[in-house]
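# Residue-level structural notes
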Amino acid sequence: MNDQELERTDYTLDEETSLRLLAISSMFRAEEGKVKTPETIIEESITRIHITLLKSKAAYAQIYKALADKRQRIRDEAASSPVEPVDYPDEFQDLETGIESVFLKRKYRCPMCENAFTAPALKTGSLLVKVDQRTQMEVYTGVRQDSEKEFVDFSLFHIMLCPKCLYASTEKEFDLWDAGAKNPQWIKRKHTKIPQKIYAAFHNNIERRMRLAQSAGDMGRRLFSTERTEEDAAISIDLASDTLEFLIGKVSINRKAELMYQLGMLNLLKSLQFEKQLEDPELSNSFQEIKKKRLDSIKEALKCFIKIPDSSVENFDVRENVRFNARKFWAAHELKHLESFAQAGASLQRTYNQFNNMVKKAEREFQLEEVKIGKLRADMNKAKNIQKKEQLANQVKEIEKNLQLIRSGLENYRGVVRVVNPIYDTISVIYDKFREMQRQRKRQAVG
Ligand SMILES: [Zn+2]
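We now turn to the structure provided with this report. Keep in mind the model is a prediction, meaning the values are calculated, not measured. (Residues numbered from 1 in each chain as written. Predicted model: local features only at pLDDT ≥ 70, side-chain atom pairs only at ≥ 80, totals over all residues.)

## Focus: helix H8 (residues 287-307)
Given 3.6 residues per helical turn, the α-helix brings residues three or four places apart onto the same face. The line we're drawing: A run of DSSP states H or I qualifies as a helix once it reaches four residues; a run of E qualifies as a strand once it reaches two. Both are numbered from the N-terminal end. Take the residue count of a helix, subtract one, and multiply by 1.5 Å to get its expected span. In this scheme the burial state of a residue depends on its C-beta neighbours within 10 Å: 20 or more other such atoms mean buried, 12 or fewer mean exposed, and anything in between means partly exposed; the C-beta positions come from the backbone. It is the directions from the helix axis to the C-beta atoms that the arc portrays. Here, residue contact means that the backbone-derived C-beta atoms of the two residues sit within 7 Å.
Taking 1.5 Å of rise per residue, 21 residues should cover 30 Å, and H8 covers 31 Å from first to last C-alpha, within 8% of that figure. Of the residues making up H8, those classed as buried are Arg 294, Ser 297, Ile 298, Ala 301, Leu 302, Cys 304 and Phe 305. Axial view of H8: buried residues confined to an arc of 160 degrees, hence all on one face. Away from its buried face by more than 90 degrees, H8 exposes Gln 288, Glu 289 and Lys 292. Buried-residue contacts for H8 involve helix H7 (253-278), helix H10 (318-335) and helix H11 (338-382).

Printed below as a string of structure tokens:
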């Protein structure tokens with residue numbers, strides 16, 4: 001092995017390896033002409049093996065580096081290749097709003113860039129809606145019996161997109177044009193205006209959203225038509241997730257929790273769509289793949305839910321608090337995430353007990369006050385003395401006031417119970433079993 005031989009190799013060697021090989025080969029030359037003993041032959045062979053190993057190591061490093069470079073180049077190219085901008089329509093051109101259609105035409109305004117556009121809304125009461133007890137999401141199941149309208153799975157349109165900046169979110173995040181008002185005007189849905197700085201940063205990465213949007217049908221145009229397919233809808237959810245992830249990095253802690261919850265919900269929505277795909281016989285070939293995607297979305301959802309601090313959840317309206325815990329419970333159950341499962345289950349049980357007890361207590365109080373007022377009225381009727389009569393009438397008034405208070409409290413608690421009970425009924429079978437198992441384990445550990 002000499003210098004030329006080294007240079008003739010197909011591999012390009014890194015500097016350190018080349019120097020080591022040169023040193024070894026010059027050692028060989030110095031020893032040339034000497035009589036070879038078995039020891040020198042062995043030594044030479046070992047050295048040759050070393051050289052071969054070093055060469056292959058260097059070659060591998062080279063190959064890996066080349067592959068990594070290539071991957072990076074592809075990524076860079078993808079990121080830098082200009083996206084052919086598509087002018088998305090401001091109107092859903094194919095939006096039919098006639099008698100047979102479930103769609104309404106509504107005008108919205110983007111909170112990010114203030115662009116106004118038309119998007120479909122749903123005619124109230126034209127579709128049958130069911131609440132999915134696990135995720136607490138609305139699911140469209142059919143058309144009302146007396147209706148001649150054509151069924152549309154309106155969940156495909158839950159995400160609205162601004163055609164200009166591709167801000168994507170649910171309907172309530174956009175300002176709504178109130179055309180029916182005496183003085184038609186925009187109804188502001190947002191409490192705070194998006195600051196100029198955030199708006200500028202959002203615009204800076206429009207290419208990424210363009211690329212994402214263009215993966216939907218007809219270069220993304222199908223997102224702006226009633227022809228949206230489930231795949232398009234999934235892309236619209238990805239765009240909404242992208243919007244939320246962007247905003248989460250820019251807002252205050254309190255708002256962050258709220259957005260994190262929305263992001264979790266989007267992932268749950270996505271998991272429901274994959275669930276629908278699992279029932280589609282045409283997709284049976286990719287069953288395993290869809291199954292994995294479904295679990296991945298649930299995993300993403302749970303990740304978001306876990307990130308929301310307890311203090312924020314406590315600030316939710318009690319009904320939303322219950323829905324949140326039901327969602328967390330279900331996701332944790334699907335993923336066998338014991339800690340979140342136990343936590344959400346305990347919280348649901350606490351609220352269930354608390355409000356059912358409050359209802360019982362208020363009902364008892366109400367009954368007692370009614371008995372009291374009945375007696376007072378009877379006494380009042382019997383009383384001959386005017387002063388006594390007046391005194392009793394005042395007491396009756398006091399109790400009437402009290403009854404009114406108890407009644408409104410009762411209505412409120414019953415409202416919460418109506419939300420909590422069906423949710424708790426669904427989860428309690430699983431949760432109670434889990435608690436029983438825990439108790440048994442504890443007993444075994446003690447015994
Ligand atoms: Zn916009």
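## Regarding the sheet that holds strand S2 (residues 116-122)
Strand pairing in a sheet is mediated by backbone hydrogen bonds. Such pairs are either parallel or antiparallel. As a reminder, the rule being used: Any two strands are treated as partners once DSSP identifies two or more bridges connecting them. Axis definition: a line fitted to C-alpha atoms, over the contacting stretch in the case of helices. Angles run 0 to 180 degrees between N-to-C directions.
Strand order across the open sheet formed by four strands is S2-S1-S7-S8, with antiparallel pairing between neighbours. Of all the strands in the sheet, just S2 and strand S8 (185-187) have a single pairing partner and so form its edges. Going across the sheet, the axis of each strand differs from the next one's by a mean of 45 degrees, ignoring polarity. As paired strands, strand S7 (residues 175-178) and S8 are joined by three bridges and run antiparallel to one another. Note that in S8 the partner of Asp 178 across the bridge is Gln 185.

## What to know about the environment of His 337
Within the fold, His 337 resides in the loop between H10 and H11. Classification of His 337 by C-beta neighbours within 10 Å gives partly exposed; the count is 19. Distance from His 337 to Leu 302, taken between C-alpha atoms, is 9.1 Å for residues 35 residues apart in sequence. In contact with His 337, other than residues within four places in its own chain, are Leu 302 and Ala 332.

## Topic: the packing of H11 against helix H12 (residues 386-446)
Selection criterion: If an angle is under 35 degrees, it is roughly parallel; if it is over 145, roughly antiparallel; if it lies from 65 to 115, roughly perpendicular; otherwise it is oblique. For a crossing to be left-handed, the near helix must be turned anticlockwise from the far one by less than a right angle; the clockwise case is right-handed. In this count, Pro and Cys sit with the nonpolar residues alongside Ala, Val, Leu, Ile, Met, Phe, Trp and Tyr, while Asp, Glu, Lys and Arg are called charged and the others, Gly among them, polar.
The contact between H11 and H12 brings their axes to 6 Å, and the two run at 155 degrees. Between H11 and H12, the angle falls in the class roughly antiparallel. Considering the relative orientation of H11 and H12, their crossing is left-handed. Its residues assigned to classes, the contact of H11 with H12 comprises 26 nonpolar, seven polar and 10 charged.

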